[in-house]
Amino acid sequence: PLFLKRLFRATSMPDGTLRRRLEALLRRSGLRFRDILVWRMQRARILNAGVMSVVPRFRYVMFSDSLLETLSPAECEAVLAHEIAHTKHRHALVYLVFALGFVALAYDVMALMPSGLRSDFMVGMPVLALLVVGYFRFVFGYLSRAFERQADVSSAELLGSPVPLVLAFEKIALMSGDVRELRSWRHHSVAERVRYLTAVGYEPAAIARYHARSARIARAVVAGVALMAALAGWLSLREGEGPSAQLAVLEEVVSQQPGNHHAWTRLAECRARSGDRLGALEAF
């Protein structure tokens, strides 16, 4: 956060009515923070806000100057309430766990592939690319949209009304080039978000149900990653049963695929680790 503050050339928000209103909202939410910053965009007009860091001592709330110029104080409060929700519900930590889960998933898939295919670069790389697209584009996209919606309803819950956030969304969509109907893989369209907020923003029971749903999604992510990590650990132990098992597999691969230089290299390295220097030299 300290580095980003300097990178973005962000400065402390001057004292005034808006800052005092935002500080009051932060105190009411119970979110501890270090400072409220203004991101000076100069010629660029980026309408954005965010909360940096999960550690209160280094936690900054940041608004772009263009956003402050576009929105009213009440709408700025609604945007801040949205960002507070991301922090309070630990969305960043769930995203981190999810990202680390990809390492375990990739290991699991590659370890379960037949050795001959795993050693083939022309097969391994496309499989890895498909995993990246499927895991982040589709699964993470679903997770991100769910958490964005939770932050939306949390804003309405904290302020007691969805109207300020609805107005903020409409202004941001208009100022961004009338992109109200535009969807992205990480966000519902502004039109969809407004429809949902209008439908449930005044219903505490509906908001509570969505919080429960989001909590189930977060628990499912953590449980899924834990299972993938456990499988990776088991596969790692199985692969490490002994050099003789690895040697047998690799020797079978090179006998079937004598042109597979990746398999020959792995065989040479495996022989070298077992002390067979002449066999390693032959394979190399």
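Because the structure is a prediction, the values reported are computed rather than measured.

Asks: Would you take a moment to explain the nonpolar core for this structure?
Replies: For soluble globular proteins, nonpolar side chains are generally found buried alongside one another. Grouped together as the largest cluster of nonpolar side chains are 24 residues, with contacts concentrated most on Val94, Phe98, Tyr135, Leu143, Phe147, Val221 and Met228. Elements with a minimum of two residues in this core: α5 (91-112), α7 (121-159) and α10 (204-239). Leaving out residues up to four positions away in the same chain, Met228 has contacts with Gly101, Ala104, Leu105, Asp108 and Tyr135. Ranked by size, the runner-up nonpolar core spans 19 residues in total, among them Leu25, Leu31, Val38 and Leu80.

Asks: Please clarify how helix α8 (residues 163-175) should be interpreted in this entry.
Replies: The α-helix winds at 3.6 residues per turn, so residues separated by three or four positions along the chain end up facing the same way. Between its first and last C-alpha atoms α8 spans 18 Å; for 13 residues at 1.5 Å apiece the expected length is 18 Å, and the two agree. Positive backbone phi, at 105°, marks Gly177, one or two positions downstream of α8.

Asks: Would you mind showing me how to read the sheet that holds strand β2 (residues 35-39) here?
Replies: Note on sheets: strands pair through backbone hydrogen bonds, and any given pair is parallel or antiparallel. Pairing is mixed in the open sheet, where four strands are placed in the order β1-β2-β4-β3. Sheet topology places β1 (10-12) and β3 (49-52) at the edges, where each strand pairs with a single neighbour. Each adjacent strand pair in this sheet contributes to an overall mean axis angle of 30°, direction not counted. Against the sheet, helix α2 (residues 17-29) touches β1, β2 and β4 (60-64), its axis set at about 130° to β2. In the packing of helix α4 (residues 73-88) onto the sheet, contacts are made with β3 and β4, and the angle to β3 comes to roughly 35°.

Asks: I tried to follow a nonpolar patch on the surface on my own but got confused; where do I start?
Replies: On the surface, a cluster of nonpolar side chains totalling about 440 Å² of accessible area is made up of Val54, Val55, Leu93, Leu96 and Leu100. Its location among the elements puts Leu93 in helix α5. Residue classification places Leu93 among the partly exposed residues on the basis of a relative accessible area of 39%.

Asks: Please explain the pattern of salt bridges as it appears in this structure.
Replies: Between side chains of opposite charge, a pair can form as their charged atoms come close. What the rule picks out here adds up to 13 salt bridges. For Glu69, the salt bridge is made with Arg45, and the minimal N-O distance between the two is 3.5 Å. Here Arg45 lies in the loop between β2 and β3 and Glu69 lies in helix α3 (residues 65-70), a separation of 24 residues in the sequence. Overall, Glu69 belongs to the exposed group, its relative accessible area being 59%. Under the relative-accessibility criterion, Arg45 is labelled partly exposed at 48%. Note that Arg271 is salt-bridged to Glu251, the shortest N-O span being 3.5 Å. Taken together, the residues span a long stretch of sequence, with Arg271 in helix α12 (residues 261-273) and Glu251 in helix α11 (residues 243-256) at a distance of 20 residues. The exposure class of Arg271 is buried, given its relative accessible area of 13%. By relative accessible area, which is 36% here, Glu251 ends up partly exposed.

Asks: What should I look at first to understand the side chain of Glu75 in this one?
Replies: Considering the arrangement of structural elements, one finds Glu75 in helix α4. We classify Glu75 as buried; its relative accessible area is 5%. Other than its neighbours up to four places away in sequence, Glu75 contacts Pro164, Leu167, Ala168 and Lys171.

Asks: In this structure, what is going on with the packing of aromatic side chains? I would like to understand it.
Replies: Two measures describe an aromatic ring pair: the distance that separates the ring centres and the angle between the ring planes. Scanning the entire structure with this criterion turns up eleven aromatic pairs. With centroids separated by 4.2 Å and ring planes inclined at 15°, the aromatic side chains of Phe98 and Tyr135 adopt a geometry described as stacked. Remark: Tyr135 occurs in helix α7 and Phe98 occurs in helix α5; sequence separation between them is 37 residues. Here Phe98 matches Tyr135 in class, with each residue buried. Through successive ring pairs, a cluster of aromatic residues spans Tyr95, Phe98, Phe102, Tyr135, Phe136, Phe140, Phe147 and Trp185. Directly above the aromatic system of Phe138 lies the positively charged group of Arg137, at a separation of 5.2 Å from the ring centroid. Against the face of Tyr196 rests Arg149, its NZ or CZ located 4.1 Å from the ring centre.

Asks: Sorry if this is basic, but what is going on with the side chain of His86 here?
Replies: Its location among the elements puts His86 in helix α4. Reaching out from His86, the side chain makes a polar contact with the side chain of His82 at a distance of 3.1 Å. In this structure, His86 is in contact with His91, Ala92, Phe147, Glu148 and Ala151, ignoring residues within four places of it in sequence.

Here is what the cut-offs are and how they apply
Residues numbered from 1 in each chain as written. Predicted model: local features only at pLDDT ≥ 70, side-chain atom pairs only at ≥ 80, totals over all residues. Heavy atoms only, no water. Core = buried A, V, L, I, M, F, W, Y, C linked by side-chain atoms within 4.5 Å. Buried < 20%, exposed > 50% of the residue type's maximum accessible area, 1.4 Å probe, protein only. Helix = DSSP H or I, 4+ residues; strand = E, 2+ residues; numbered from the N terminus. Contact = heavy atoms within 4.5 Å. Expected span 1.5 Å × (residues − 1). Pairing = 2+ DSSP bridges. Axes fitted to C-alpha atoms, helices over the stretch in contact; angles between N-to-C directions. Patch = residues over 30% accessible without salt bridge, like charges linked within 9 Å, V, L, I, M, F, W, Y side chains within 5 Å. Areas by Shrake-Rupley, 256 points an atom, 1.4 Å probe, with all protein chains shown as cover. Salt bridge = Lys/Arg side-chain N within 4 Å of Asp/Glu carboxyl O. Phe/Tyr/Trp six-rings, centres within 6.5 Å; stacked < 30°, edge-to-face > 60°. Lys NZ or Arg CZ within 6 Å of the ring centre and 35° of its normal. Polar contact = N/O pair within 3.5 Å; in protein donor to acceptor, adjacent residues only side chain to side chain.

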